[in-house]
Number of protein chains: 4
Amino acid sequence: MSDTGGVAANQLRAFVERIERLEEEKKAIADDIKDVYAEAKGNGFDTKILKQVIALRKKDPAEREEQETILELYLAALGMMPTPEE
Amino acid sequence: MSDTGGVAANQLRAFVERIERLEEEKKAIADDIKDVYAEAKGNGFDTKILKQVIALRKKDPAEREEQETILELYLAALGMMPTPEE
Amino acid sequence: MSDTGGVAANQLRAFVERIERLEEEKKAIADDIKDVYAEAKGNGFDTKILKQVIALRKKDPAEREEQETILELYLAALGMMPTPEE
Amino acid sequence: MSDTGGVAANQLRAFVERIERLEEEKKAIADDIKDVYAEAKGNGFDTKILKQVIALRKKDPAEREEQETILELYLAALGMMPTPEE
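Per chain, residue numbering runs from 1 following the sequence as it is written. Starting at A for chains and at 1 for ligands, labels are handed out in the order in which the entities are written. Local features in this predicted model are restricted to residues whose pLDDT is 70 or higher, and side-chain atom pairs enter the listing and the counts only when it is 80 or higher, whereas totals over whole chains, interfaces and linings include all residues. By convention in this description, side-chain values take in all heavy atoms of the structure and omit both hydrogens and water.

Visitor: Go over the relation of the copies chain B and chain A, please, and point to the residues and values.
Guide: Each copy is superposed on the other by least squares, with the fit set by C-alpha atoms of residues at a pLDDT of at least 70 in both. Once turned by 180 degrees and shifted 0.0 Å along the axis, chain B lies on chain A with an RMSD of 0.0 Å. What we have between these two chains is a two-fold relation. Taking C-alpha positions as the reference, the residue of chain B nearest the rotation axis is K26 of chain B, at 2.8 Å. Contact between two residues is taken to exist if any of their heavy atoms lie within 4.5 Å; hydrogens are not considered. Both copies present the same face, since 100% of the interface residues in chain B are matched by interface residues at the equivalent positions in chain A.

Take a look at the structure:
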């Protein structure tokens, strides 16, 4: 009945509106996150490093440490840090 | 008192936890959006086009129409569609 | 002999330098692309639409037309354009 | 003379072709970069860490060290590594 050119208009509209509502909520939360970073910055924290911390916390500690070790080996091999003790 | 190397540990922890909680909420909503698209797909809608529709709805209709007109002119000039009537 | 902590330093350095050289080349070309868009803009072309044209040219014409048809059906169903004739 | 609906068709086509040629070149280089990473992987290197090394080399060493120090302070404050000596 409410088909337009074979498209179930009501159903399509419902999907579109659900997605738009969810995208608004997502945007509101993204804005909240920005606000917390701004507040942290206002309290003297380095937001770039804060982002690194958040990313590191998602990793398994053992895996994180292993990757850090490999990174240091590579940097040492390239003369970018003191050669690690063997 | 709870400073570690000059960093206000409690304050830092509070910021980190607020950000992590918000990021979880954001991820949950992003998952909801994916679910709605999957449901739309299950109902026969083309999700790629649905995304285009959502993007187009954010634009001002007059601006959208103007851009569509320019696009058609360019495509016509390149022989990618029938020359528009003048 | 040039191993540092088990890492073949010369080999690592060679990989790093090859990647860095290629990334420089890639950046130079990306800059050239920006320059061409700027030149097109200076000649009165709409660069945003130009980008759409480039993207559309990558698609198969039949597929492109089919997607355009579906998009118009959806937009019509949502009252965002005149109902297409059936 | 070759205008189509007010668009200088030859000029538009020239811009489009220049952009497409440059984008092809850029893609070829991006593929080369992937190949070098694959070759490095085949020689036992960790490509994820290799990417980190490449990113770190773009930074000023003093700035890099300062950021590393702040990161370690934050991680220590969060109990994610041994408290640094003061």
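Visitor: Report on the interface of chain C and chain D, specifying residues and quantitative values.
Guide: Listed as interface residues are 28 residues of chain C and, on the opposing side, 28 residues of chain D. Defined in terms of a 1.4 Å probe, buried area is the accessible area two parts forfeit on being brought together, summed over both. Roughly 2,900 Å² is buried in total at the junction of chain C and chain D, and carbon and sulfur atoms are behind 73% of that figure. Looking at the side of chain C facing chain D, the largest losses of area belong to F15, I19 and F45 of chain C, adding up to 20% of the total buried there. The rule for a salt bridge is simple: a side-chain nitrogen of Lys or Arg has to be within 4 Å of a carboxyl oxygen of Asp or Glu. Taken together, the connections running from chain C to chain D amount to 6 salt bridges. Note that K58 of chain C is salt-bridged to E23 of chain D, the shortest N-O span being 3.4 Å. Any pair of nitrogen or oxygen atoms within 3.5 Å is treated as a polar contact; in protein, a donor-acceptor pairing is required on top of that, and neighbouring residues in sequence qualify only through side-chain atoms on both sides. Counting the contacts that link chain C with chain D gives 8 residue pairs in polar contact (both at pLDDT 80 or more). A run of H or I in DSSP counts as a helix once it spans at least four residues, and a run of E counts as a strand once it spans at least two, with each numbered from the N terminus. Among the elements that make up the side of chain C that touches chain D, the one with the highest residue count is helix 1 (residues 9–42) of chain C (19 residues). Residue composition of the side of chain C that touches chain D, by class: 17 nonpolar, 2 polar and 9 charged. Here the term charged refers only to Asp, Glu, Lys and Arg, the term nonpolar to Ala, Val, Leu, Ile, Met, Phe, Trp, Tyr, Cys and Pro, and the term polar to all other amino acids, Gly among them.

Visitor: Outline helix 1 (residues 9–42) of chain B, supporting the account with residue identities and numerical values.
Guide: All names here are of chain B. Take the number of residues in a helix, subtract one, and multiply by 1.5 Å to get its expected span. For helix 1, built from 34 residues, the straight-helix expectation of 50 Å at 1.5 Å per residue is met to within 8% by its first-to-last C-alpha distance of 49 Å. Each residue gets one of three labels from its accessible area relative to the maximum for its type: buried under 20%, exposed over 50%, partly exposed in between, using a 1.4 Å probe on protein chains only. Buried within helix 1 are the following residues: A9, L12, F15, V16, I19, L22, I29, I33, V36, Y37 and A40. Directly beyond the C-terminal end of helix 1, a positive phi value near 95 degrees is found at G44.

Visitor: Outline the domain arrangement of chain A, listing residues and values.
Guide: All names here are of chain A. Note that domain bounds follow an automatic or database assignment of domains. For chain A, the domain assignment lists domain 1 (1–45) and domain 2 (46–86). Taken together, both faces of the contact between domain 1 and domain 2 bury some 430 Å²; the carbon and sulfur share is 73%. At the junction of domain 1 and domain 2, the tally comes to 0 salt bridges. Split into classes, the residues belonging to the side of domain 1 that touches domain 2 amount to 3 nonpolar, 1 polar and 1 charged.

Visitor: Break down the interface of chain B and chain A for me, citing the residues and quoting the values.
Guide: Accessible area lost upon the coming together of the parts is a frequently used measure of interface size. Taken together, the 28 residues of chain B in the interface contact 28 residues of chain A. Between chain B and chain A the total buried area reaches about 2,900 Å² when both faces are included, carbon and sulfur atoms providing 73% of it. Counting the surface chain B buries against chain A, the share from its top three residues, F15, I19 and F45 of chain B, is 20%. Along the contact surface separating chain B from chain A lie 6 salt bridges. Its salt-bridge partner being E20 of chain A, residue R57 of chain B comes within 2.6 Å of it at the nearest N-O pair. Summed over the shared surface of chain B and chain A, the result is 8 residue pairs in polar contact (both at pLDDT 80 or more).

Visitor: So what's going on with helix 3 (residues 61–77) of chain A? Residues and values would help.
Guide: Residues that lie three or four places apart on an α-helix share one face, since the helix turns once every 3.6 residues. Residues and elements named next belong to chain A. Given a rise of 1.5 Å per residue, 17 residues ought to cover 24 Å, and the 24 Å separating the end C-alpha atoms of helix 3 matches this to within 8%. Looking only at helix 3, the buried set comprises R64, Q67, I70, L71, Y74, L75, A76 and A77. Positive backbone phi, approximately 70 degrees, marks G79, located one or two places after helix 3.

Visitor: Hey, could you go over the packing of aromatic side chains for me, with residue numbers and the actual values?
Guide: Two aromatic rings, drawn from Phe, Tyr or Trp (for Trp, its six-membered ring), form a pair once their centres lie within 6.5 Å of each other, and the interplanar angle then sorts them: stacked below 30 degrees, edge-to-face above 60, tilted otherwise. Inspection of every chain in the model, using the stated rule, returns 8 aromatic pairs over all chains. Judged by centre distance (5.8 Å) and plane angle (70 degrees), the rings of Y74 of chain A and F45 of chain D are edge-to-face. Here the residue Y74 of chain A occupies a position in helix 3, and F45 of chain D occupies one in the loop between helix 1 (9–42) and helix 2 (47–57), the pair thus bridging two chains. Residue classification places Y74 of chain A among the buried residues on the basis of a relative accessible area of 4%. Following the ring pairs from residue to residue traces out a cluster consisting of F15 of chain A, F45 of chain B together with Y74 of chain C.

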